[in-house]
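# Fold and geometry: a report
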Amino acid sequence: MIGIIDMDVLVYRALAKSEKDGTPVIEVFDKLLEDIETNAACDKYSYHLSGIGNFRKNIKQGFTKYKGKRSQKPEQYQFLRNYVLKQYNTITVNLLEADDTAAIEATDLRNKKELYTLITVDKDWQQVGGIWYNISYGSVKAISTEEGLKFFHKQLLTGDTVDNIPGLKGVGPKKADKALEGKDLNQQINKVVKMYKEVYKDDYLDVLNPMGQMLWLKRSYDEPEWTVDFHKDFLKKVLNEKE
């Protein structure tokens with residue numbers, strides 16, 4: 001079992017704990033990671049840290065500023081980041097987030113029929129499917145591929161307030177759940193498209209495609225940008241593999 005660890009989360013947690021307790025930040029980080037590896041009990045681990053820049057901030061759209069609500073980086077952020085990069089041989093790719101490189105590794109492992117655990121608190125990682133280990137609670141749950149994709153379809157409707165992605169105006173979690181309830185994956189994306197059309201008419205793809213590009217975690221390094229057509233083809237492959 002390979003544990004895929006979200007090092008972004010650990011960097012910020014270590015910085016906050018170090019500031020609160022007055023303990024050296026490197027010491028705090030190493031202890032956090034040691035405890036997680038002990039509790040997750042995987043055979044080996046990979047470490048994912050976001051690269052420099054972010055392709056999502058370059059997506060052409062005029063309705064939001066991706067991660068526009070985030071505050072300035074904490075003091076010692078760059079110091080700790082440099083330490084983590086050197087000490088832990090992280091998987092880091094410029095313009096990609098740790099979310100993307102983790103999803104790419106998980107997809108590759110699943111294709112090879114190898115077991116993995118996603119170790120994070122980031123809810124977005126659920127869209128990949130697999131075993132999901134919540135760092136905050138030490139809890140574990142299994143998420144099927146279908147459940148992960150339904151989670152993504154729901155995100156297309158609700159957006160993501162943490163990353164300042166608005167979703168479809170007037171649609172919250174309850175309304176999204178009701179819209180997708182009882183539908184298979186193809187019916188879900190068709191429902192999403194229909195709801196966007198009702199609001200944006202002929203311009204619906206100008207909003208829906210960028211929304212998906214910001215929300216979707218890449219599954220391969222050479223993957224084309226997310227579009228509705230790309231997603232429908234992706235769903236076909238998933239369903240064919242299931243048969």
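Residues numbered from 1 in each chain as written. Predicted model: local features only at pLDDT ≥ 70, side-chain atom pairs only at ≥ 80, totals over all residues. Heavy atoms only, no water.

### Digging into the nonpolar core
In this structure, L156, L157, V192, Y196 and L208 are the most contacted members of the largest nonpolar core, which totals 31 residues. Mapped onto this core, the elements with two or more residues apiece are α5 (145-158), α6 (173-180), α7 (185-200), α8 (204-215) and α9 (228-242). Dropping the residues within four chain positions of it, L208 is found in contact with L156, V192, V193, Y196, W226 and V228. Grouped together as the second largest cluster of nonpolar side chains are 25 residues, V9, L10, F29 and L33 included. (Core = buried A, V, L, I, M, F, W, Y, C linked by side-chain atoms within 4.5 Å. Buried < 20%, exposed > 50% of the residue type's maximum accessible area, 1.4 Å probe, protein only. Helix = DSSP H or I, 4+ residues; strand = E, 2+ residues; numbered from the N terminus. Contact = heavy atoms within 4.5 Å.)

### Some words on the sheet that holds strand β5 (residues 139-143)
Taken together, the 5 strands give an open sheet; going across it, the order is β2-β1-β3-β4-β5, and neighbouring strands pair in mixed fashion. Among the strands making up the open sheet, the edge pair consists of β2 (44-48) and β5. Ignoring strand direction, the axes of neighbouring strands in this sheet form an average angle of 25 degrees. Examined bridge by bridge, strand β3 (residues 116-120) and strand β4 (residues 130-134) share 4 bridges and lie parallel to one another. Counted as the bridge partner of L118 is W132 from β4. Together, β1 (2-6), β2 and β3 form the strand contacts of helix α1 (residues 7-21), whose direction differs from that of β1 by roughly 50 degrees. (Pairing = 2+ DSSP bridges. Axes fitted to C-alpha atoms, helices over the stretch in contact; angles between N-to-C directions.)

### Some words on the layout of surface pockets
The volume enclosed by the largest pocket comes to roughly 910 Å³. What lines the largest pocket is a set of 33 residues, and nearest its centre among them are D8, Y12, K67, R70 and K73. Those elements giving two or more residues to the lining of the largest pocket turn out to be α1 and α3 (77-88). Per element, the largest residue contribution to the lining of the largest pocket is 5 residues, and it comes from α1. Partitioned by chemical class, the residues of the lining of the largest pocket number 10 nonpolar, 7 polar and 16 charged. Contributing to the lining of the second largest pocket are 20 residues, with T107, R110, N111, V238 and E241 lying nearest its centre. Elements that contribute at least two residues to the lining of the second largest pocket include exactly α4 (98-111) and α9. With 6 residues, α9 is the single largest residue contributor to the lining of the second largest pocket. For the lining of the second largest pocket, a count of residues per class yields 6 nonpolar, 7 polar and 7 charged. (1 Å grid on protein atoms, 1.4 Å probe; cavity = no way out; pocket = protein on both sides within 12 Å on 5 of 7 lines; lining within 4 Å. Points joined across faces, edges and corners; volume = space filled by probe spheres on them. Nonpolar A, V, L, I, M, F, W, Y, C, P; charged D, E, K, R; others polar.)

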